[in-house]
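As a plain string of letters, each chain reads:
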Amino acid sequence: MPRVKKRQRRSLLKLPSEFVLWRRIYHLVSDYKNRVCRPSWEEYFSRIAREVATRSTCMRRQVGAILVREKHILTTGYNGAPRGVAHCDEVGCLREARGVPSGERHELCRGLHAEMNAIIQAACYGVIVEGATLYSTAFPCSLCAKMLINARVKRIVAQTDYADPLAKELLAEAGVSTELLSGEADQSGEPPAPDGPADQEVGKKQKIS
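As the structure is a computational prediction, the values presented were derived from the model and not from experiment. (Residues numbered from 1 in each chain as written. Predicted model: local features only at pLDDT ≥ 70, side-chain atom pairs only at ≥ 80, totals over all residues. Heavy atoms only, no water.)

(A) Molecular detail of the packing of aromatic side chains. Inspection of every chain in the model, using the stated rule, returns four aromatic pairs. Here the aromatic rings of Trp41 and Phe45 are separated by 5.7 Å at their centres, their planes lie at 25 degrees, and the arrangement is stacked. In this pair, Trp41 and Phe45 both sit in helix 3 (residues 41–53), four residues apart, roughly one turn of the helix. Taking relative accessible area as the criterion, Phe45 reaches 2% and is therefore assigned buried. Clustering of aromatic rings is evident, with ring pairs tying together Trp41, Tyr44, Phe45 and Tyr135. In this structure, Lys168 packs its charged tip against the face of Phe139, placed 4.4 Å from the ring centre. (Phe/Tyr/Trp six-rings, centres within 6.5 Å; stacked < 30°, edge-to-face > 60°. Helix = DSSP H or I, 4+ residues; strand = E, 2+ residues; numbered from the N terminus. Buried < 20%, exposed > 50% of the residue type's maximum accessible area, 1.4 Å probe, protein only. Lys NZ or Arg CZ within 6 Å of the ring centre and 35° of its normal.)

In structure tokens form, the structure reads like this:
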């Protein structure tokens, strides 16, 4: 056997045992878990939808939507004016100018909805969204609901409600599963509330259909 020098022997004696190393690793992992609350997939995608909404230029309601399949994001979308057209925050809100209430006369708007843009993005880049789940900061309107049905989206997870009963009727009739993470209706035109501690489990789930 090769001879070990005294200095090397001292250093070897100072090395911690395997048990001590594993104990240190265990404590490090435990401390990390206590400090960091890892979000569920629902929380994860809901947070991303809220981040997408920050790109919106709508003056009434900032909405973000993402299409997800097998825990992979397919496309994203936020509400705003079409490509090459002036944004509403630059020229003013057409709906406000004409006094159109929330949830009515969707055609009287310069912008597209977040769900529409997510579907259009998929069409532009050849992404198949059949069987996908939509995560959105607001429940779809009836126009978006019809598009989502024909795009064969199978599930919708919304963070706030929207004043359009026809959308829920159409989705239920088409067999699209819908979940509302917050029981509060979003009729004020305000963007979703900021994040809380672990998003308070992203609100309490309410299965609509």
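Right, picking up where we left off after that structure.
(B) A look at the nonpolar core. Membership of the largest hydrophobic core comes to 27 residues, with the highest contact counts inside it found for Leu67 and Leu134. Those elements that place two or more of their residues in this core are strand 1 (64–69), helix 6 (114–124), helix 7 (142–150), strand 4 (155–158) and helix 8 (165–173). Looking at this core, the element that brings in the most residues is helix 6, giving five residues. Apart from residues no more than four positions distant in its own chain, Leu67 is found in contact with His72, Ile73, Leu74, Thr75, Ala118, Ile119, Val129, Ala132, Thr133, Leu134 and Val153. Ranked by size, the runner-up nonpolar core spans seven residues in total, among them Ile66, Val68, Tyr135 and Val157. (Core = buried A, V, L, I, M, F, W, Y, C linked by side-chain atoms within 4.5 Å. Contact = heavy atoms within 4.5 Å.)

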